[in-house]
Every structure is written in C-alpha cells, then in structure tokens.
Amino acid sequence: MTAVTLWEWSCMAVPLIAACYLTMILMGGGGLKKASVLPKCTGSFVCAVTTGLAVLQSGGNPLAYPVFWALLLCMAGDYLIEQQMVAGGLAFAAGHMVLTVWALGQAPFHWVSLLIWATALAALTAYLYGCRRQMGGMALPLLLYGAILTADLAVAAVLPFTAGGAFWTLAAGLLSFVLSDAILGRNVFGEAKPWRSKLLMALYYLALYLIAATPWRI
C-alpha cells in the first residue's frame with residue numbers, strides 16, 4: 001500500500017466531515033432530527049478511520065491502539081446520546097478514560113497536570129453553575145463526567161512540553177472537546193439556542209479530528 005501523508009488524507013477526510021456536519025444541521029432543522037444521527041456518526045467514524053490508517057501505515061494494529069477505541073466510543077456516544085443521555089454520557093466517559101490512560105503512558109506524570117485539571121474543572125463548573133437547578137439529580141453525575149472530561153485535557157496539556165511538540169494536536173483537540181461539552185451542557189440545561197448547537201458540533205468534530213491526527217505525528 002502506498003503511504004498517504006496526513007495532508008493528503010486530510011484533503012479527503014476534512015471535506016467529508018464538513019459534509020456530514022452540514023447534512024446533520026440541515027436534517028436537524030428540516031424535521032429529520034432522528035435520521036440526522038447517521039451523518040453525525042459518519043463524521044465521527046471518519047475520525048476513527050483517520051487514526052486507524054495512521055496505525056496501519058506504521059505497521060500496527062488499530063484494534064490494539066487505544067486512541068482508535070476512544071474515537072469509536074465517541075461514535076457510539078453520538079448515537080446513544082440521541083436515544084438516552086446517560087447511555088451516551090457513559091460511552092463518552094469511557095472514551096475519555098481510555099485517552100487519559102493512553103496519554104499517561106506517553107510521558108512521566110507531571111504535577112502541573114493536577115493544577116490544570118483543578119482549574120479546568122472549576123471553570124467548567126462555574127460556566128454551568130447557573131443551570132444547577134435544571135440539572136436536578138443529574139448534577140452529581142455531570143460533575144463526575146466533568147472531572148473525567150477535564151482529566152485527559154490536563155494530562156494532554158503538558159505532553160507538548162514533556163513528550164514533544166507532536167502532541168499539540170492532542171492537547172488542542174481535548175480543549176476543543178471540553179468547550180464543546182460545556183456549550184452542550186448550557187444548551188441542554190439552560191436556554192437552548194440554535195447557534196449553540198451548530199458551534200458545539202463544529203468544535204466537537206474539530207476535537208475528534210485533532211485527536212485522530214495525533215498518531216500521524218508521533
């Protein structure tokens with residue numbers, strides 16, 4: 001198989017993800033919201049394939065690569081969250097835990113990650129604090145999810161300095177993921193606004209692709 005560069009692959013994958021995003025938006029606003037889960041999951045699947053291709057080209061097995069599984073769990077979360085929020089949240093939480101464990105294996109743990117984790121979790125909590133009444137009994141599980149969500153960001157944020165600049169894409173991707181989920185929380189438990197839905201999904205696909213691109217760079 002002729003090797004493909006990340007740039008060459010991105011010229012095909014990014015337009016496809018963009019098409020999935022636009023199709024999902026159009027279907028969601030056109031009375032086909034349930035069916036819009038198909039392009040939504042397709043965009044996530046392209047990101048998983050992106051990592052899988054990188055692993056294959058390096059002679060590895062995608063099924064033995066944690067990032068590949070993390071992205072597949074996110075794809076599962078995309079489907080499940082449309083059916084039942086808790087089920088979707090569990091799938092995403094599992095994906096983030098896989099990424100955290102993988103990131104911890106890339107370089108020795110640095111104490112700065114604890115500071116980043118505490119800061120990110122505090123900022124996320126503050127952003128969603130006004131929605132606490134609407135969360136009701138979901139507040140504690142959502143706080144736990146927030147702790148898991150910000151944990152992989154905290155670990156990944158130091159990797160460009162401890163394991164090499166190739167990990168900037170991972171750190172940027174997980175930051176985009178946190179921002180996307182923060183907006184999702186405000187949209188679900190606060191005042192829902194259409195522009196938020198569009199923005200959070202754009203940030204989400206950006207997050208997945210940056211994460212998926214990382215194995216090409218390391």
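Note that this is a predicted model, so its numbers are computed, not measured.

Moving on, we come to helix α4 (residues 85-104). An ideal rise of 1.5 Å per residue puts 28 Å on 20 residues; α4 measures up with 28 Å between its terminal C-alpha atoms. Residues of α4 that are buried include every one of Gly88, Ala91, Phe92, Ala93, Gly95, His96, Leu99, Thr100, Trp102 and Ala103, and no others. Tucked into the core, α4 has its buried residues touching α3 (66-83), α7 (139-162), α8 (168-189) and α9 (194-217). At the N-terminal boundary of α4, the capping side chain belongs to Gln84, with an oxygen 2.9 Å from the backbone nitrogen of Val86.

This next bit is on empty space enclosed by the protein. Scanning the entire structure with this criterion turns up one cavity of 30 Å³ or more. The computed volume of the largest cavity comes to approximately 50 Å³. Taken together, Ala103, Leu104, Ala107, Pro108, Phe109, His110, Ser113, Val155, Val158, Leu159 and Thr162 make up the full set of residues lining the largest cavity. Only α4 and α7 provide two or more residues apiece to the lining of the largest cavity. Considering every element that reaches the lining of the largest cavity, the biggest residue donor is α7, with four residues. Residues of the lining of the largest cavity, tallied by class, amount to eight nonpolar, three polar and no charged.

Remark: helix α2 (residues 37-57) packs on α9, axes separated minimally by 7 Å, with the N-to-C direction vectors making an angle of 10°. One element, α2, and the other, α9, form an angle in the roughly parallel class. Mapping the contact onto sequence places Pro39, Lys40, Gly43, Ser44, Cys47, Thr50, Thr51, Leu53, Ala54 and Gln57 in α2 and Met201, Tyr204, Tyr205, Leu208, Tyr209, Ile211, Ala212, Pro215 and Trp216 in α9. Across the contact of α2 with α9, the residue classes break down as 13 nonpolar, five polar and one charged.

Right, let's talk about the pattern of salt bridges for a bit. Within the structure shown, the criterion is met by one salt bridge. Residues Lys40 and Glu82 are paired through a salt bridge, measuring 2.7 Å at the closest nitrogen-oxygen approach. You can see Lys40 sitting in helix α2 and its partner Glu82 sitting in helix α3, a full 42 residues away along the chain. Note on Lys40: relative accessible area 7%, which makes it buried. By relative accessible area, which is 35% here, Glu82 ends up partly exposed.

The next subject is the side chain of Thr150. For Thr150, the position within the fold is in helix α7. Of the polar contacts made by the side chain of Thr150, one reaches the backbone oxygen of Ala147; its length is 3.3 Å. Apart from the residues lying within four places of it in its own chain, the contact partners of Thr150 are Trp117, Ala120, Leu121, Leu124 and Val178.

This paragraph deals with the nonpolar core. One recurring pattern in soluble globular proteins: nonpolar side chains tend to sit buried together. By size, the foremost hydrophobic cluster in this structure holds 55 residues, and its most contacted members are Leu170, Phe177, Tyr204 and Ile211. Residue assignment for this core shows that the elements contributing at least two residues are α1 (6-29), α2, α3, α4, α5 (112-128), α7, α8 and α9. Here the element with the most residues in this core is α9; it accounts for eleven residues. Those residues in contact with Ile211 that sit more than four places away from it in its chain are Thr51, Val67, Leu71, Leu99, Thr169, Leu170, Gly173, Leu174 and Phe177.

Quick notes on the rules
- Counting of residues starts from 1 at the beginning of each chain's written sequence and follows it residue by residue.
- Owing to the predicted nature of the model, reporting of local features is limited to residues with pLDDT of at least 70; listing and counting of side-chain atom pairs is limited to 80 or more, with chain, interface and lining totals taken over all residues.
- The side-chain numbers reported here are obtained from all heavy atoms of the structure, hydrogens and water having been left aside.
- Numbering of helices and strands runs from the N terminus, with a helix taken as a DSSP run of H or I at least four residues long and a strand as a DSSP run of E at least two residues long.
- Helices are assigned an expected span. That span is 1.5 Å times one less than the residue count.
- In this scheme, a residue with accessible area under 20% of its type's maximum is buried, one over 50% is exposed, and one in between is partly exposed, where area comes from a 1.4 Å probe on protein chains only.
- It only takes one pair of heavy atoms within 4.5 Å for two residues to be counted as in contact.
- Whenever two N or O atoms come within 3.5 Å, that pair is a polar contact, provided that in protein one can donate a hydrogen and the other can accept it, and provided that, for residues adjacent in sequence, both atoms are side-chain atoms.
- Grid points spaced at 1 Å over the protein atoms alone were grouped into cavities, where a 1.4 Å probe fits but cannot get out, and pockets, open sets with protein on both sides within 12 Å along at least five of seven lines, with lining residues defined by an atom within 4 Å of a point.
- Grid points are joined across faces, edges and corners, and a volume is the space filled by probe spheres set on the points.
- Each residue gets one of three labels, nonpolar for Ala, Val, Leu, Ile, Met, Phe, Trp, Tyr, Cys and Pro, charged for Asp, Glu, Lys and Arg, and polar for the others, Gly among them.
- Axis definition: a line fitted to C-alpha atoms, limited for helices to the stretch in contact. Angles are taken between N-to-C directions and run from 0 to 180 degrees.
- Orientation categories follow fixed angle ranges, with anything under 35 degrees roughly parallel, anything over 145 roughly antiparallel, 65 to 115 roughly perpendicular, and all other angles oblique.
- What makes a salt bridge here is a side-chain nitrogen of Lys or Arg within 4 Å of a carboxyl oxygen of Asp or Glu, nothing more.
- Within this scheme, the nonpolar core is defined by two criteria: the residues are buried Ala, Val, Leu, Ile, Met, Phe, Trp, Tyr or Cys, and they are joined through side-chain atoms within 4.5 Å.

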